[in-house]
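Chain by chain, the residues:
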Amino acid sequence: MFNPTDEQMEEWFKPAFEDINTILDEVNRETKCGNEYLIHFLKQITDTYEGVQRVMDQEGIEN
């Protein structure tokens, strides 16, 4: 599994995390969907990535 360095975390992942949080905050403000739904939404995204990974593992594909 990929283990980013501290520099990579600062350069790549921290900005992505901040962007995702900003987007979800805006969605929540506009829809009033609440954190519970946002958690559900993020779990759906996670499930999608896990499904893709399972298929890749079965097919012997590295990502």
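Only a predicted model underlies this, so the values are computations on that prediction, with no experimental measurement involved.

K.L.:
Would you explain the overall build of the chain in this entry?
P.N.:
A count of helices and strands for the chain gives two helices and zero strands. For the chain, the C-alpha radius of gyration of 15 Å lies well beyond 11 Å, the compact-globule estimate for 63 residues. Dimensions along the principal axes, computed over C-alpha positions, put the chain at roughly 40 × 30 × 15 Å. Looking at the chain residue by residue over its 63 residues, the buried ones come to 5%. For the chain, the accessible surface area stands at approximately 5800 Å², while carbon and sulfur atoms represent 55% of it. Between the centroid of the 5 positive side chains of the chain and the centroid of its 15 negative side chains there is a distance of 10 Å.

K.L.:
What exactly am I supposed to notice about the pattern of salt bridges here?
P.N.:
Between side chains of opposite charge, a pair can form as their charged atoms come close. Enumeration over the complete set of coordinates arrives at one salt bridge. For E10, the salt bridge identified is with K14, shortest N-O distance 3.9 Å. Taken as a pair, E10 and K14 lie in helix α1 (residues 6-31) at a separation of four residues, close to a single helical turn.

K.L.:
Help me understand a nonpolar patch on the surface, please; the structure alone is not making it clear to me.
P.N.:
Residues I20, Y37, F41, L42, I45 and Y49 make up a contiguous nonpolar surface patch of about 580 Å² in total accessible area. Top contributing element to the nonpolar patch by residue count: helix α2 (residues 34-59), with five residues. Among the secondary structure elements, I45 is positioned in helix α2. Relative accessible area serves as the criterion here: at 33%, I45 is assigned to the partly exposed category.

K.L.:
Sorry if this is basic, but what is going on with α2 here?
P.N.:
Owing to its 3.6 residues per turn, the α-helix brings residues three or four apart onto one side. Taking 1.5 Å per residue as the helical rise, α2 with its 26 residues ought to reach 38 Å, and the 38 Å between its terminal C-alpha atoms agrees with that figure. Two residues or fewer after α2 comes G60, characterised by a positive phi angle close to 70 degrees.

K.L.:
Sorry if this is basic, but what is going on with unusual backbone geometry here?
P.N.:
Residues apart from glycine generally show negative phi values, whereas peptide bonds are mostly found in trans. In this structure, K32 is a non-glycine residue whose phi angle is positive, near 55 degrees. Within the fold, K32 resides in the loop between α1 and α2. Overall, K32 belongs to the exposed group, its relative accessible area being 67%.

Each value, and the rule that gives it
- Residues numbered from 1 in each chain as written.
- Predicted model: local features only at pLDDT ≥ 70, side-chain atom pairs only at ≥ 80, totals over all residues.
- Heavy atoms only, no water.
- Helix = DSSP H or I, 4+ residues; strand = E, 2+ residues; numbered from the N terminus.
- Rg over C-alpha atoms; globule rule 2.2 N^0.38 Å.
- Buried < 20%, exposed > 50% of the residue type's maximum accessible area, 1.4 Å probe, protein only.
- Areas by Shrake-Rupley, 256 points an atom, 1.4 Å probe, with all protein chains shown as cover.
- Lys, Arg positive; Asp, Glu negative; His and termini not counted.
- Charge placed at Lys NZ, Arg CZ, Asp CG, Glu CD.
- Salt bridge = Lys/Arg side-chain N within 4 Å of Asp/Glu carboxyl O.
- Patch = residues over 30% accessible without salt bridge, like charges linked within 9 Å, V, L, I, M, F, W, Y side chains within 5 Å.
- Expected span 1.5 Å × (residues − 1).

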